[in-house]
Amino acid sequence: MRIVSTSRLRSGMTLARSVWSSSRGVRQALLTAGTPLTEGYRRGLERAGVWAVYVDDGFSSGVEPPEVITPETRERAMQAVGSVYHRAAQCGGHTRVGADEVAALDRMVAQVMHEIAQSGRLVWCLDDLGAFDRYTLRHSVNVLVLGLMVGREALTTLGWSDWRGDVRYDNVEERLRRMGLGLLLHDVGKILIPEPILKKPGRLSADEMDIVRQHPQAGVDMVDGDALGALSRVVIAGHHERIDGSGYPAGRSGDAVHVHAQIAGMADVYDAVSSTRVYQARRPTQEAWELVLSMSGSGFGQPLVEAFKRSVAPYPEGVAVLVSDGRRALVVRNDREHTSRPLIRVTHDREGRALADPEELALFDHPSITILDTLADLEGDAGWAGDRDEQRGFADDLAGELRTHEGIERAETAA
Ligand SMILES: [Fe+2]
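Quick caveat: nothing in here was measured; it's all calculated off a predicted structure. (Residues numbered from 1 in each chain as written. Predicted model: local features only at pLDDT ≥ 70, side-chain atom pairs only at ≥ 80, totals over all residues. Heavy atoms only, no water.)

Trainee: Honestly, the environment of D271 in this entry has me stumped. Any pointers?
Mentor: Tracing the chain through its elements places D271 in helix α10 (residues 259-274). Here D271 falls in the buried class, since its relative accessible area comes to 0%. (Helix = DSSP H or I, 4+ residues; strand = E, 2+ residues; numbered from the N terminus. Buried < 20%, exposed > 50% of the residue type's maximum accessible area, 1.4 Å probe, protein only.)

As structure tokens, then:
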């Protein structure tokens, strides 16, 4: 199967994975796998905000992008976070997130950890091509999965420092589980931010930004201190801190930004930038990936960014790409050791003609060939979202801004 932009879907293509949406908290398939696609379905998907889907065709046989957690577990995790948000919002944030709710979330973290370990896929791209709804809940679960992937790599290779400063490699599972609880709840303080500020298009005023900056501490204050240990609280409190001191709310720097908080920060930036939000188009995953890498040494510690680089691949399996010799290809399988140089299947020549005999290339063995860009489809106009100029203009506007911390904050607060 392969990923095709919704704008590029044509009659005759077959949906390879079901597309999910939710109505009043009930999850339902907008379209089920195996459905032959029509122009009517294409328009319906577009209206639901589905930017791309998986289709089956001859070019993509044998390509099976991994699902690190099952759709059912993703949904249950979203519902568990959603019920906490819902109850807290009803009480205007005066309530505390109680021990029973924390215990329910903890069980979800354990289930997600189990599925990640079972999948055996250490390299992972966000491949949740569901309808654009419930952003905050989807974001919470994406940050959980990403953070656990990066966290496992970081804690097993770099170890962790105990109170004496000794580096240790034991107890990793327990520490990951504590971190996971913080990852699921990292933005719970946002329910206290008035919606007009959260959804405001354009730049926030200084006063509005001050309110946004309170959400990490507000989140910590809301959760029952006895139910949530320190290794979870540091995630909520510190996910917007940056090691150069430019973050918030405390402006901590260097080692004062806990490793768990830095891992959460990387997962948060990556998912916020690569997801569609209320008024902001998504950015391609490789741009989000490169943005995190560009923050090495300033936003996050360099060894942690290296762990991110080894755990998250920039190109989703099944996506069409333009390679440097002008040909088009599909990403077939990511390589854990060389995440930016996957195995690709070259399907079209530089004139856009389908090759009778597609060629598979492990890019690591071909250093002269690089991936230039991801494409909306293998054939025809390659632009995403059917309007390349508009997308390109948007990308240019944001490209500089996203590299600044203010830009990242702005991107993150658009939930
Ligand atoms: Fe946040």
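Trainee: Looking at this structure, I do not really get the coordination of the iron ion. What am I missing?
Mentor: Any two of four tetrahedral donors ideally make an angle of 109.5 degrees at the metal, while pairs among six octahedral donors ideally make 90 or 180 degrees. Distances from the iron ion to its protein donors, D187 (OD), H215 (NE2), H239 (NE2) and H240 (NE2), fall at 2.1 to 2.3 Å. For the iron ion, the four donor atoms are set out with angles of 86 to 174° between them, so the coordination reads as irregular. We note that the donor set of the iron ion lies within a single chain, spaced as D-x27-H-x23-H-H. Within this pair, whereas D187 is found in the loop between α5 (172-184) and α6 (195-198), its partner H240 is found in the loop between α9 (230-238) and α10, the two being separated by 53 residues in sequence. Like H240, D187 is buried. (Donors = N, O, S within 2.8 Å, 3.2 Å for Na, K, Ca; no water. Tetrahedral: all angles 85-135°; square planar, octahedral: opposite > 155°, others 65-115°.)

Trainee: Explanation requested: the packing of aromatic side chains in the structure shown.
Mentor: Evaluated as defined, the whole model comprises one aromatic pair. Arranged with centres 5.8 Å apart and planes meeting at 65°, the rings of Y270 and F308 form a pair that is edge-to-face. Of this pair, Y270 sits in helix α10 while F308 sits in helix α12 (residues 302-311), placing them 38 residues apart in sequence. Residue Y270 shares its accessibility class with F308, and that shared class is buried. One cation-aromatic arrangement involves R175 over W160; the distance from NZ or CZ to the ring centre is 3.6 Å. (Phe/Tyr/Trp six-rings, centres within 6.5 Å; stacked < 30°, edge-to-face > 60°. Lys NZ or Arg CZ within 6 Å of the ring centre and 35° of its normal.)

Trainee: Could you clarify how one ought to interpret the sheet that holds strand β5 (residues 52-56) in this entry?
Mentor: Working definition: the strands of a sheet are paired by backbone hydrogen bonds and lie parallel or antiparallel to each other. A sheet is described by the order of its strands in space; here three strands give the open sequence β1-β5-β2, paired in antiparallel fashion. Here the strands that pair on one side only, and so sit at the sheet edges, are β1 (2-5) and β2 (14-15). One ladder, built from two bridges, connects β2 with β5; its direction is antiparallel. By the bridge assignment, T14 is partnered in β5 with D56. (Pairing = 2+ DSSP bridges.)

Trainee: Sorry if this is basic, but what is going on with the side chain of R42 here?
Mentor: Among the structural elements, R42 can be located in helix α1 (residues 39-47). With relative accessibility at 11%, the residue R42 sits in the buried group.

Trainee: Is there a simple way to think about the sheet that holds strand β8 (residues 320-323) in this case?
Mentor: Ordered by their spatial adjacency, five strands build an open sheet running β11-β10-β9-β8-β12, and the pairing between neighbours is antiparallel. Edge positions in the sheet fall to β11 (354-362) and β12 (371-375), since each of these pairs with one other strand and no more. Along the sheet, successive strands turn relative to each other by an average axial angle of 35°, direction set aside. Relative to β12, β8 is paired through four bridges, and the arrangement is antiparallel. Pairing of L322 across the sheet is with D373, part of β12. (Axes fitted to C-alpha atoms, helices over the stretch in contact; angles between N-to-C directions.)

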